Amino acid sequence: MNVNYARAARMTNARLIKERMQAVGAAVVGAGLIVGGILVLGDDRVMCGSQEMSEGQVCEETRNGETTAERSLDEQASDNKTTGWLLLGGGAAMLVGGSAWAYHGFARKKRVTAEQLAAGQGHAPQSPVPQPQQGWQQPAQQYPPQPPQPYPPQGHAPYGQPYPPQPGYPPHGYGQPPR
């Protein structure tokens, strides 16, 4: 078995496992946010950071040693409820999205073997090792017709593949288009 097929199979399977773990992780974080939102919404205490507020106190928000916001008991209670709803909504979105992503990753994508890749049955990413080119090939059609060039045009795609010619435009560096 070709070493490149084995390497491509390992890379494909590693990406598949990584994607599955990320999807499950997103769903778990979403569930955690939902739990946090429920806890915040279910708590009747008004909290300023980690301390409970009482009537007449002011909650000061500071950044870099400077006070950026001051909220009364009622304003802080409203802010806590808003935070709870944002946690609940964001968590629900993450849970649904992560679950759909995980379902797609587990139900539709299967691990591949080197034998499957060699037989053309798997879908491997582009080979990590650039394959040697058989020489530069002139594009099939050019307008206006050009004599054969000893070197390829300046623009190249990754791995030495020339960009395909764009319809209606001459290749880069060949003068003005016809009028």
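Throughout, a residue's number is its position along its own chain's written sequence, starting from 1. Local features in this predicted model are restricted to residues whose pLDDT is 70 or higher, and side-chain atom pairs enter the listing and the counts only when it is 80 or higher, whereas totals over whole chains, interfaces and linings include all residues. With hydrogens and water stripped out, all remaining heavy atoms of the structure feed into the side-chain values.

Student: Explain the overall build of the chain here, please?
Tutor: Regarding its fold elements, the chain presents 3 helices and 4 strands. A helix here means a DSSP run of H or I that spans at least four residues, while a strand means a run of E at least two residues long, and both kinds are numbered starting from the N terminus. For the chain, the N- to C-terminal ordering of α and β elements is α-β-β-β-β-α-α. Each residue is assigned to one of three classes by its accessible area relative to the maximum for its type, calculated with a 1.4 Å probe on protein chains only: buried under 20%, partly exposed between the two thresholds, exposed over 50%. Taking all 179 residues of the chain together, 18% fall into the buried category. Of all intrachain contacts in the chain linking residues separated by at least 6 positions in sequence, the fraction that spans at least 24 positions is 69%. Looking at the chain as shown, the accessible area adds up to about 13,300 Å², and 57% of this sits on carbon and sulfur atoms. Every residue pair with non-hydrogen atoms within 4.5 Å of one another is taken to be in contact. Residue burial considers only the protein chains on display, and all accessible areas are found by Shrake-Rupley using a 1.4 Å probe.

Student: Help me understand the state of the cysteines in this model?
Tutor: Two cysteine sulfur atoms make up a disulfide if the distance between them is within 2.5 Å. For the coordinates displayed, the defined rule picks out 1 disulfide. Through a disulfide, Cys-48 is tied to Cys-59; the S-S separation comes to 2.0 Å. Residues Cys-48 and Cys-59 are joined by a disulfide whose S-S torsion is about 75 degrees; by sign, that bridge is right-handed. Separated by 11 residues along the polypeptide, Cys-48 in strand β1 (residues 47–48) and Cys-59 in strand β3 (residues 59–63) bring together distant segments of the chain. Just as Cys-48 is buried, Cys-59 falls in that class too.

Student: Explain unusual backbone geometry here, please?
Tutor: Trans peptide bonds make up the majority, and among non-glycine residues the majority have a negative phi. Located in the positive-phi region is Asn-64, a residue other than glycine, with phi close to 55 degrees. Of note, Asn-64 is situated in the loop between β3 and β4 (66–71).

Student: Explain helix α2 (residues 73–107) to me, please; I cannot follow it from the model alone.
Tutor: Residues spaced three or four apart along an α-helix point in a common direction, a consequence of the helix completing one turn every 3.6 residues. Given the number of residues in a helix, its expected span is that number minus one, multiplied by 1.5 Å. The terminal C-alpha atoms of α2 lie 50 Å apart, and with 35 residues this matches the ideal 51 Å at 1.5 Å per residue to within 8%. Of all the residues in α2, the buried ones are Leu-73, Gln-76, Asn-80, Gly-84, Gly-91, Gly-98, Ala-102 and Gly-105. As for α2, its buried residues are in contact with α1 (3–42), β1, β3 and β4.

Student: Mind showing me how you'd approach the pattern of salt bridges here?
Tutor: Salt bridges are defined by distance alone: a side-chain nitrogen of Lys or Arg within 4 Å of a carboxyl oxygen of Asp or Glu. Across all of its chains, the model carries 4 salt bridges by this definition. Linking Arg-63 and Glu-61 is a salt bridge whose minimum nitrogen-to-oxygen distance equals 3.3 Å. Glu-61 gets classed as partly exposed once you look at its relative accessible area, which sits at 26%. Its salt-bridge partner being Arg-71, residue Glu-61 comes within 3.2 Å of it at the nearest N-O pair. Of this pair, Glu-61 sits in strand β3 while Arg-71 sits in strand β4, and the two are 10 residues apart along the sequence. In the salt-bridge network here, residues are joined through shared partners; they are Glu-61, Arg-63, Arg-71 and Asp-79.

Student: Would you explain α1 in this entry?
Tutor: A rise of 1.5 Å per residue sets the reference length of α1, with its 40 residues, at 58 Å; its end C-alpha atoms lie 58 Å apart and thus fit the reference within 8%. All of the buried residues along α1 are Ala-8, Ala-9, Thr-12, Asn-13, Leu-16, Arg-20, Ala-23, Ala-26, Ala-27, Gly-30, Ile-34 and Gly-37. Packed against the buried residues of α1 are α2 and α3 (114–118).

Student: What is the right way to read the pairing of β4 from this model?
Tutor: In short, DSSP must find at least two bridges between two strands for them to pair. The pairing of β3 with β4 spans 5 bridges and is classified as antiparallel. Across the sheet, the residue bridging to Thr-62 is Thr-67, located in β4. In this structure, the hairpin formed by β3 and β4 is closed by a connection of 2 residues, where Asn-64 is found at a positive phi of approximately 55 degrees.

Student: In this structure, what is going on with the packing of α1 against α2? I would like to understand it.
Tutor: Two quantities define a packed helix pair, namely the angle between the helix axes and the distance between the axes. Throughout, an axis means a line fitted to C-alpha atoms (over the contacting stretch in the case of helices), and angles, computed between N-to-C directions, take values from 0 to 180 degrees. Taken N-terminus to C-terminus, the directions of α1 and α2 make an angle of 155 degrees; their axes are 7 Å apart at the nearest point. On the basis of their axis angle, the class for α1 and α2 is roughly antiparallel. Helix-helix and strand crossings are classified by hand; for α1 and α2 the assignment is left-handed. Of the residues that constitute the contact of α1 with α2, the class distribution is 21 nonpolar, 11 polar and 3 charged. The scheme is simple: roughly parallel for angles under 35 degrees, roughly antiparallel for over 145, roughly perpendicular for 65 to 115, oblique for anything else. Crossing handedness is defined as follows: a turn of the near helix away from the far one that is anticlockwise and smaller than a right angle gives a left-handed crossing, while the clockwise case is right-handed. Side-chain classes are defined by residue name, with Ala, Val, Leu, Ile, Met, Phe, Trp, Tyr, Cys and Pro counting as nonpolar, Asp, Glu, Lys and Arg as charged, and the others, Gly among them, as polar.

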